[in-house]
Amino acid sequence: MSSSIILAGLGLAALGYGGRALMRQMPNAASKMQEALQNLPKFDAESMANSKYYRGGFDAKMNKREASLILGISPSASKIKIKDAHKKIMLLNHPDRGGSPYLAAKINEAKDFMDNAK
């Protein structure tokens, strides 16, 4: 019985010393956390504007500019470039491989628009 009381006392003492050490380190931990948060990269509108990806929704009706942005080609690209760009982007976004059916439809619509515009 006395050994269990001694063990309980030692456990409480260890818990007290651990809590005391933790409380002493809290101001340092808070300042380190603030410093780490300030050093994170910023994602503002300017950095997103310089992104190589098009940000924005789809137009109500497909146009040459939007079709070329979807396929990642110039508006005056040849039929071969259109075909290659379509194949490349469809491999990445096909619904059978986990892509979105809506995006696949927009990619196909862009290809058809660019083919018919030539």
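Residues numbered from 1 in each chain as written. Predicted model: local features only at pLDDT ≥ 70, side-chain atom pairs only at ≥ 80, totals over all residues. Heavy atoms only, no water.

### Quick word on the overall build of the protein
- For the protein, the count of helices and strands is five helices and zero strands.
- In the protein, the succession of helices and strands from N to C terminus is α-α-α-α-α.
- Surface exposure of the protein reaches about 9500 Å², of which carbon and sulfur atoms provide 61%. (Helix = DSSP H or I, 4+ residues; strand = E, 2+ residues; numbered from the N terminus. Areas by Shrake-Rupley, 256 points an atom, 1.4 Å probe, with all protein chains shown as cover.)

### Looking at the packing of helix α4 (residues 79-93) against helix α5 (residues 101-117)
- At a minimum axis distance of 10 Å, the contact between α4 and α5 shows a crossing angle of 175°. Our classification of the angle between α4 and α5 gives roughly antiparallel. Between α4 and α5, the contacting residues are Lys79, Ile82, His86, Ile89, Met90 and Asn93 on the first element and Leu103, Ala104, Ile107, Asn108, Lys111, Met114 and Asp115 on the second.
- A class-by-class count of the residues in the contact of α4 with α5 yields seven nonpolar, three polar and three charged. (Axes fitted to C-alpha atoms, helices over the stretch in contact; angles between N-to-C directions. Parallel < 35°, antiparallel > 145°, perpendicular 65-115°, else oblique. Contact = heavy atoms within 4.5 Å. Nonpolar A, V, L, I, M, F, W, Y, C, P; charged D, E, K, R; others polar.)

### So, the side chain of Asp115
- Along the polypeptide, Asp115 turns up in helix α5.
- Residue contacts for Asp115: discarding those within four places in its chain leaves Lys79 and Ile82.

### Let's talk about the environment of Asp115
- Asp115 gets classed as buried once you look at its relative accessible area, which sits at 19%.
- In this structure the C-alpha to C-alpha distance between Asp115 and Ile82, which are 33 residues apart in sequence, comes to 7.6 Å. (Buried < 20%, exposed > 50% of the residue type's maximum accessible area, 1.4 Å probe, protein only.)

### Side note on the pattern of salt bridges
- For the structure shown, the criterion picks out two salt bridges.
- With a shortest N-O distance of 3.4 Å, Glu109 and Lys106 are connected by a salt bridge. Within this pair, Glu109 and its partner Lys106 are both found in helix α5, separated by three residues, close to a single helical turn.
- Note on Glu109: relative accessible area 34%, which makes it partly exposed.
- Exposure remark for Lys106: the relative accessible area of 8% places this residue in the buried category. (Salt bridge = Lys/Arg side-chain N within 4 Å of Asp/Glu carboxyl O.)

### Focus on α5
- Taking 1.5 Å of rise per residue, 17 residues should cover 24 Å, and α5 covers 24 Å from first to last C-alpha, within 8% of that figure.
- Those residues of α5 that sit buried are Ala104, Lys106, Ile107, Ala110, Met114 and Asp115.
- Against α3 (64-71) and α4 lie the buried residues of α5.
- Taking the backbone nitrogen of Tyr102 as reference, a side-chain oxygen 3.2 Å away marks Ser100 as the first, capping residue of α5. (Expected span 1.5 Å × (residues − 1). Polar contact = N/O pair within 3.5 Å; in protein donor to acceptor, adjacent residues only side chain to side chain.)

### Some remarks on a nonpolar patch on the surface
- A cluster of nonpolar side chains, contributed by Ile6, Leu7 and Leu10, occupies part of the molecular surface with about 340 Å² of accessible area.
- When you line up the elements, Leu10 lands in helix α1 (residues 2-38).
- Among the residues examined, Leu10 registers a relative accessible area of 55% and is labelled exposed. (Patch = residues over 30% accessible without salt bridge, like charges linked within 9 Å, V, L, I, M, F, W, Y side chains within 5 Å.)

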